[in-house]
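# Results of the structural survey
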There are 2 protein chains.
Amino acid sequence: MKEILAEIITIGDEILFGHITDTNSQWISDELSKAGVRIIQKTSVGDDARRIREALSEAEQRVQIILITGGLGPTNDDITKKTLAGYFNSPLILNKQALEDVTAFFKKKGKELSDLNKTQALLPEACIYIRNEMGTAPGMWFDKKDKVIVSMPGVPFEMKAMTTGRIIPMLKEKFNPAFIVHKEVKTVGIGESYLSEKIKDWEEKLPSYIKLAYLPSYGEVKLRLTASGKDQVRLKKEIEEQINLLQKIAGNYIYGYDQDTLPKVVGEMLREQKITIATAESCTGGLISYFITSIPGSSDYFHGGLVAYSNEIKQNILGVKPETLNQFGAVSEETVKEMAEGAKTKFHTGIGLASSGIAGPGGGTSEKPVGTVWLALADNKKTIAKKLSLGNDREINMRLAAVAVLNLLRETLTEKS
Amino acid sequence: MKEILAEIITIGDEILFGHITDTNSQWISDELSKAGVRIIQKTSVGDDARRIREALSEAEQRVQIILITGGLGPTNDDITKKTLAGYFNSPLILNKQALEDVTAFFKKKGKELSDLNKTQALLPEACIYIRNEMGTAPGMWFDKKDKVIVSMPGVPFEMKAMTTGRIIPMLKEKFNPAFIVHKEVKTVGIGESYLSEKIKDWEEKLPSYIKLAYLPSYGEVKLRLTASGKDQVRLKKEIEEQINLLQKIAGNYIYGYDQDTLPKVVGEMLREQKITIATAESCTGGLISYFITSIPGSSDYFHGGLVAYSNEIKQNILGVKPETLNQFGAVSEETVKEMAEGAKTKFHTGIGLASSGIAGPGGGTSEKPVGTVWLALADNKKTIAKKLSLGNDREINMRLAAVAVLNLLRETLTEKS
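Here the residue index of a chain counts from 1 through its sequence in written order. Here every chain gets a letter starting at A, and every ligand a number starting at 1, in the order they are written. Local features are withheld for residues below a pLDDT of 70 in this predicted model, meaning they are given only at 70 or higher, and side-chain atom pairs are given and counted only at 80 or more; totals for whole chains, interfaces and linings count all residues. Computation of side-chain values covers all heavy atoms of the structure but excludes hydrogens and water.

A word on the interface of chain A and chain B. Contacts between the two partners involve 76 residues from chain A and, on the opposite side, 76 residues from chain B. Values labelled buried area give the accessible surface lost by two parts on being combined, using a 1.4 Å probe and summing over both. Between chain A and chain B, a total of about 6,200 Å² is buried, with carbon and sulfur atoms accounting for 55% of that surface. For salt bridges, the criterion is a side-chain nitrogen of Lys or Arg within 4 Å of an Asp or Glu carboxyl oxygen. Salt-bridge contacts for Glu 58 of chain B lead to Arg 62 of chain A; the nearest nitrogen and oxygen are separated by 3.1 Å. Whenever a nitrogen or oxygen atom comes within 3.5 Å of another N or O atom, the pair is scored as a polar contact, on the condition that within protein one atom can donate a hydrogen and the other can accept it, and that pairs from neighbouring residues in sequence are kept only if both atoms are in side chains. Our enumeration of links across chain A and chain B arrives at 26 residue pairs in polar contact (both at pLDDT 80 or more). Only DSSP runs of H or I reaching four residues or more are called helices, and only runs of E reaching two or more are called strands; each is numbered from the N terminus. It is strand β2 (residues 37-45) of chain A that contributes the most residues to the side of chain A that touches chain B, eight residues altogether. Contacts: residue pairs with any heavy atoms within 4.5 Å of one another.

Structure representation (structure tokens):
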């Protein structure tokens, strides 16, 4: 079966100058791989017509699919559209559907369409118009014999909606790539190298047409299994069987699959078990409740949370005893347990979660260095606490602590069920 | 003065498959820009000899400096060194200094040098050996007439030490590049196209050696000015003068420069004016307080926050009147104002911030569609509110609302100062 090859071209001076990280091309690579398309090159060029043209004609020598992002804004420094019009020798004309869409977009926001924004409806005659559901810069699809060149906006959420909603379905229809079956196994509470040792024997016995990748991120490790071949049903069955084996070895670290996220999974468990929760946060500063409320419908089980930065608030609103704070300090097992219990009582919920720690970079002592974090969970039967010893990076510490407390919740809910 | 042009080539299947984000090339771009070298392209290819050779020969057509990272490990899948030896038609020979260095590196770690690691001292005869202070894979510098090709390891901290310590000084000596001065102007509260119309005249009058780029993200737009030339002092002065002009036109949208972030800037204003704050969040779910507490030392001015998801909490802890909730609903000007006032009172602060809205994707009505968000700020003199009409994406709505309320705080603090 012939491979379908693709290249990603990202356009924008801001990427070349190193002012932003290009996360778009990673995301696109990932999605296209899943769709059975193989990326063989990524190219970044500036907002420079000659460079864009050269990158396009070089890419045409290599691949069937060229995906371009960026340079589609209404301002003068964005020249991708003009350059494509020239490259395809196709004049810019007003696209009626694009004008309707951009007008509706501004109307919904209660704003008048400016002349500048009207120019976004001008598109090269040769292209198929791709609606931007999330913004005003349209996408463009150019068929060129057996090849396709697609241009999308660089704003990540606009590009993502367009890729998932239109581009990948259109590419699948045109190129009919080999079946690739992906399954992601989401784990939490175990580091990459420990997980790797734990599942070593299983990994070595995987059939050759199933590949395994480790994708670590804040406190989590995703395992991605990828199988390719002609028989989709068989591939899916084989992946399911391998995952059943994996469950037996590392089941307690697995919280979900594919689109599952930790806040989503614990949310579903809470809803199913009819348990409500509340949070009392110190070092995580609101991140735990933000994670929980990022899930639509979370108001069904989340009553509320308190960010208790000062000791006064910990005492007055959460009811932490002054003696506890005096004797053990704010960052201690005793305080964090009282915080969790206080959240449960104050918000009238079944479970209270709490965090207290030194996120850094300052504020550490020899006894309690930066990165010391206490987490707690209180329910109707017991209050448990857990200590983390993290590093010096404030943002990473806040994230790791929030993920760890959600995992504590997951483990407790798993026991209950 | 002639510009010195460079291209970065990153090598590795893991980048193409989307398994890791390429942060190396962003870092190199930034460092080289500061050194006066202009990056005109970035290219990522897999561990594939033909692709590497093609990328090299294409890059040689464009630039004087080619910086390669990755593919230098001792295992079989890393082929950069062999490929370079072939490309330069230069046999791999044992480099005595490299062998001494790699032996010393292992000795320092208390380990024996394996045969596999010994092969790392084999280098193409034509290259200048570049010591790796942080690891075992050496760097290689190839002079080719007036061009330079440099190969470095892909491990970020090894590559960074090599770039800063050896490569940039060697490049400066060989090419003696022009100065490049960058300045970023950070704006909030105005969309890209409106900002662009507002500063059109100023933009058109910019001298030709100063370039302007618009970099939009959630609720903010960064303006980046880039000047290049021989006289660094004059460039800096000219940029300052242009920014002074810009201040007069769009000053109220400018919150800071370069490394400034909105939470950092409002934090500094609060600290300076000795004002404390608290939050009462509904639709933002903790994101406002997370933004505020992401800044080290924020406990100096942030007392705490309440995430009040249920009406019961809004009444019992924040003191929102039941009549207000009944008559106007949770998402209303009246309720959000009482929430801000409640936060201020409950947490004993100078200012209270509040959010209440329908983040989506569900929960909208014809009267209050998804994306309807009310924000409020209460201080000792007054309580103000602001309504946003956002889209359907929960995450984006939460972010835009949090940025908008921080901007409301910034505007209030600016008036006070």
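Having seen the structure, we can now continue with the description.
Moving on, we come to the environment of Asp 22 of chain B. Residue and element names in this part refer to chain B. Locating Asp 22 in the fold gives a position in the loop between α1 (13-16) and α2 (24-34). Each residue is placed in one exposure class: buried if its accessible area under a 1.4 Å probe, protein chains only, is under 20% of its type's maximum, exposed if it is over 50%, and partly exposed if it falls in between. Given a relative accessible area of 17%, Asp 22 falls into the buried group. For the pair Asp 22 and Gly 350, spaced 328 residues apart in sequence, the C-alpha separation works out to 44 Å. Side chain to side chain, Asp 22 and Ser 25 meet in a polar contact 2.5 Å long.

What follows deals with the confidence of the model for chain A. In this model, chain A carries a mean pLDDT of 93, and residues with pLDDT of at least 70 account for 100%. Under the prediction, the complex receives an ipTM of 0.80, its pTM being 0.81. pLDDT gives the predictor's per-residue confidence on a scale running from 0 to 100.

Sheet strands line up and pair through hydrogen bonds in the backbone, either parallel or antiparallel. When DSSP locates at least two bridges between a pair of strands, those strands are taken to pair. Taking strand neighbours across the sheet as the criterion, the 10 strands line up as β17(A)-β16(A)-β15(A)-β13(A)-β14(A)-β14(B)-β13(B)-β15(B)-β16(B)-β17(B) in an open arrangement whose pairing is mixed. In this open sheet, the two edge strands, each paired with only one partner strand, are β17 (383-389) of chain A together with β17 (383-389) of chain B. When the angles between neighbouring strand axes are averaged without regard to direction, this sheet yields 10°. Note: strand β14 (residues 302-308) of chain A against strand β14 (residues 302-308) of chain B, five bridges, orientation antiparallel. Its bridge partner being in β14 of chain B, Ala 308 of chain A is matched across the sheet by Gly 304 of chain B. The sheet strands contacting helix α16 (residues 394-416) of chain A are β13 (277-281), β15 (351-357), β16 (372-378) and β17 of chain A, and the helix crosses β16 of chain A at an angle near 30°. Fitting a line to C-alpha atoms yields each axis, with helices limited to the stretch in contact; the angle taken between N-to-C directions then spans 0 to 180 degrees.

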